[in-house]
Amino acid sequence: FPEVMNALLLRVPTHASATLRGYGRWFVKDRVYPGIAEDPSHFVDGVVWRGLTDHDRLVLDAFEDDIYEERAVMIETADGQMTAEAYVVPNDRRM
């Protein structure tokens, strides 16, 4: 998603590969895009963005759909485990 970040923030922040366990990527009811939702039998490979400013977070919050819940999650990176914020779809909205 570097292209999206560049379009929104006018830069591509530092990022690294990450794995989120206990969540899966699902279609979202009444939407044309997927989201992540809790599911203990799944995992999602993705990216963790680093060095986001308060302004960056406001821009991203405004861009993301209001169905998401922002949630602290534990991710795995090449540097080990760390806490990150993720936009999560409530389970009742996943398909």
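**Q** Teacher, can you tell me more about the overall build of the protein here?
**A** Broken down by element type, the protein carries 2 helices and 4 strands. Order of helices (α) and strands (β) in the protein, N terminus to C terminus: α-β-β-α-β-β. Considered along the principal axes of its C-alpha atoms, the protein spans approximately 35 × 30 × 20 Å. Looking at the 95 residues of the protein, the share that counts as buried comes to 28%.

**Q** Is there a simple way to explain the packing of aromatic side chains in this structure?
**A** Two numbers describe a pair of aromatic rings. These are the distance of the centres and the angle of the planes. The final tally for this structure, using the stated rule, is 1 aromatic pair. A centroid spacing of 6.1 Å and a plane angle of 65° characterise the contact between Tyr-68 and Tyr-87, whose relative ring orientation is edge-to-face. Of the two residues, Tyr-68 is situated in the loop between helix 2 (54-63) and strand 3 (69-77) and Tyr-87 in strand 4 (residues 80-88); the sequence distance between them amounts to 19 residues. Tyr-68 gets classed as buried once you look at its relative accessible area, which sits at 17%. Positioned over the ring face of Phe-43 is Arg-21, at 5.4 Å from the centre of the ring. It is Arg-94 that lies over the ring of Trp-26; its NZ or CZ is 3.9 Å from the centre.

**Q** Would you take a moment to explain the pairing of strand 2 (residues 34-49) for this structure?
**A** On any regular strand, side chains alternate: one points to one face of the sheet, the next to the other face. In the sheet, strand 1 (residues 15-27) pairs with strand 2 via 12 bridges, with the strands oriented antiparallel. Within the sheet, the bridge partner assigned to His-15 lies in strand 2 and is Trp-49. Connecting strand 1 to the next strand, strand 2, in antiparallel fashion are 6 residues, including Asp-30 with a positive phi near 65°.

Rules of the game
Residues numbered from 1 in each chain as written. Predicted model: local features only at pLDDT ≥ 70, side-chain atom pairs only at ≥ 80, totals over all residues. Heavy atoms only, no water. Helix = DSSP H or I, 4+ residues; strand = E, 2+ residues; numbered from the N terminus. Buried < 20%, exposed > 50% of the residue type's maximum accessible area, 1.4 Å probe, protein only. Phe/Tyr/Trp six-rings, centres within 6.5 Å; stacked < 30°, edge-to-face > 60°. Lys NZ or Arg CZ within 6 Å of the ring centre and 35° of its normal. Pairing = 2+ DSSP bridges.

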